[in-house]
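Descriptive analysis of the structure
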Amino acid sequence: MINILKNPAHRAWLVLMIATGMTWYLGEVGAAGTWAIVAMLAIAFVKGRLVILDFMELREAPMMWRVLLEGWLILVSSLILLAYWISLK
Amino acid sequence: MSESSPITNQAAASTKRLPGDLAIWFFIMAEMVAFAVFFSAYAFTRAGHVEMFNLYQQTLDRNLGALNTVLLITGSWFIVLAVQAAHRDDQKAISRNILLGFLCGGGFLAVKIIEYSAKFGAGISMSTNTFYMFYISLTFFHFMHVILGMVILAVLWFQSRKGVYGSHDANGLESGAAYWHMVDLLWIVLFPLVYVMR
């Protein structure tokens, strides 16, 4: 088991599965409002980052491409957060 | 070792590499910008119709949405394993993992078709209301990208059967893999946004 988790792809897959379960669970319990939105965006951010770094293999890529893709994730999360914040006012 | 030799500098430079072709990454960025606009349009339109969006979001099947997340992530993982197999010249594992990734994509499409037929069967269309307009257009736009990703995977599979990819050259495989991971990345944002966040 420990050996299997040495492969970053396997580790990423496991975390992605757990994180997907968490988002599904938040939906099941009807989580809503500020904390729920922040939690779901944080989960999506962690998931997206794992896909970018471990699946797309950009961890060791030239900095520009890491910044572009991770920047996209930050930008999209921020815009969604802003829109939801406006809706809660 | 106060000064690094040219050899170690070269080694350091070669570890900083972008997988696949540069062109595919520009294409991926363009696609991602289009989806960023779409996601923002959804979120900001929702801000003006919160009650309507919250009401109709409850009609979506979160279980199928989560199942599709599992399918795309697992499909992506198989393609990572195919790329890893190429770097160690394990020809059989390259083809097998591409095929498994392709099947996950097929599973995603099947689940989505079940979901769409339930909605369309209930008489829901793009013109029903603003929420369904976004739900159908956003998920269908993504659906088309899954299909394109699967076409790419099919090409990669045929090429891998000919032994094209290996430690000598995995560029084509890595380019296709990057596109497939993008399809996964977009769904990772789309699923909570459209199905869960309220």
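These remarks concern the structure in this document.

Calculation notes
- Residues numbered from 1 in each chain as written.
- Chains lettered and ligands numbered in written order.
- Predicted model: local features only at pLDDT ≥ 70, side-chain atom pairs only at ≥ 80, totals over all residues.
- Heavy atoms only, no water.
- 1 Å grid on protein atoms, 1.4 Å probe; cavity = no way out; pocket = protein on both sides within 12 Å on 5 of 7 lines; lining within 4 Å.
- Points joined across faces, edges and corners; volume = space filled by probe spheres on them.
- Helix = DSSP H or I, 4+ residues; strand = E, 2+ residues; numbered from the N terminus.
- Buried < 20%, exposed > 50% of the residue type's maximum accessible area, 1.4 Å probe, protein only.
- Salt bridge = Lys/Arg side-chain N within 4 Å of Asp/Glu carboxyl O.
- Polar contact = N/O pair within 3.5 Å; in protein donor to acceptor, adjacent residues only side chain to side chain.
- Contact = heavy atoms within 4.5 Å.
- Core = buried A, V, L, I, M, F, W, Y, C linked by side-chain atoms within 4.5 Å.

All right, on to empty space enclosed by the protein then. Enumeration according to the criterion identifies two cavities of 30 Å³ or more in this entry. Taken as a whole, the largest cavity spans an internal volume of roughly 70 Å³. As for the largest cavity, its lining consists of Leu41(A), Ala44(A), Phe45(A), Leu73(A), Val76(A), Ser77(A), Ile80(A), Val189(B), Pro192(B), Leu193(B) and Met197(B). Those elements that place two or more of their residues in the lining of the largest cavity are α2 (34–55) and α3 (63–88) of chain A together with α7 (171–196) of chain B. The element best represented in the lining of the largest cavity is α3(A), accounting for four residues.

If you check the backbone angles, Glu57(A) has positive phi at about 60° while not being a glycine. Along the chain, the position of Glu57(A) falls in the loop between α2 and α3. Using a relative accessible area of 33% as the deciding quantity, one classes Glu57(A) as partly exposed. Positive phi, normally seen in glycine, also occurs at Asp89(B), with a value near 60°. Tracing the chain through its elements places Asp89(B) in the loop between α4 (62–87) and α5 (91–121).

Quick look at the pattern of salt bridges now. All names here are of chain A. The tally for this structure, following the rule as stated, stands at seven salt bridges over all chains. A salt bridge links Arg59 to Asp54; the nearest nitrogen and oxygen atoms lie 3.1 Å apart. Of the residues examined, Arg59 reaches a relative accessible area of 37% and is grouped as partly exposed. Given the relative accessible area of 13%, Asp54 is considered buried. The residue Glu70 makes a salt bridge to Arg66 at a minimum N-O spacing of 3.0 Å. Taken together, the positions of Glu70 and Arg66, both in helix α3 and four residues apart, correspond to about one turn of that helix. An identical accessibility class is assigned to Glu70 and Arg66; each is buried. Through salt bridges with shared partners, one network takes in Arg49, Arg66 and Glu70.

Turning our eyes to something else, we now look at the side chain of Ser87(A). Here Ser87(A) is to be found in helix α3. Polar side-chain contacts of Ser87(A) include one of 3.2 Å to the side chain of Arg46(B). Excluding residues that lie within four positions of it along the chain, Ser87(A) makes contacts with Arg46(B), Ala47(B) and Val50(B).

Burial of nonpolar side chains together is a common tendency in soluble globular proteins. Core analysis: the largest hydrophobic core is formed by 93 residues, its most contacted members being Trp72(A), Trp25(B), Phe39(B) and Val194(B). Taken together, the elements giving at least two residues each to this core come down to α1 (8–28), α2 and α3 of chain A together with α2 (22–48), α4, α5, α6 (130–161) and α7 of chain B. Here this core takes 18 residues from α7(B), the largest share from any one element.

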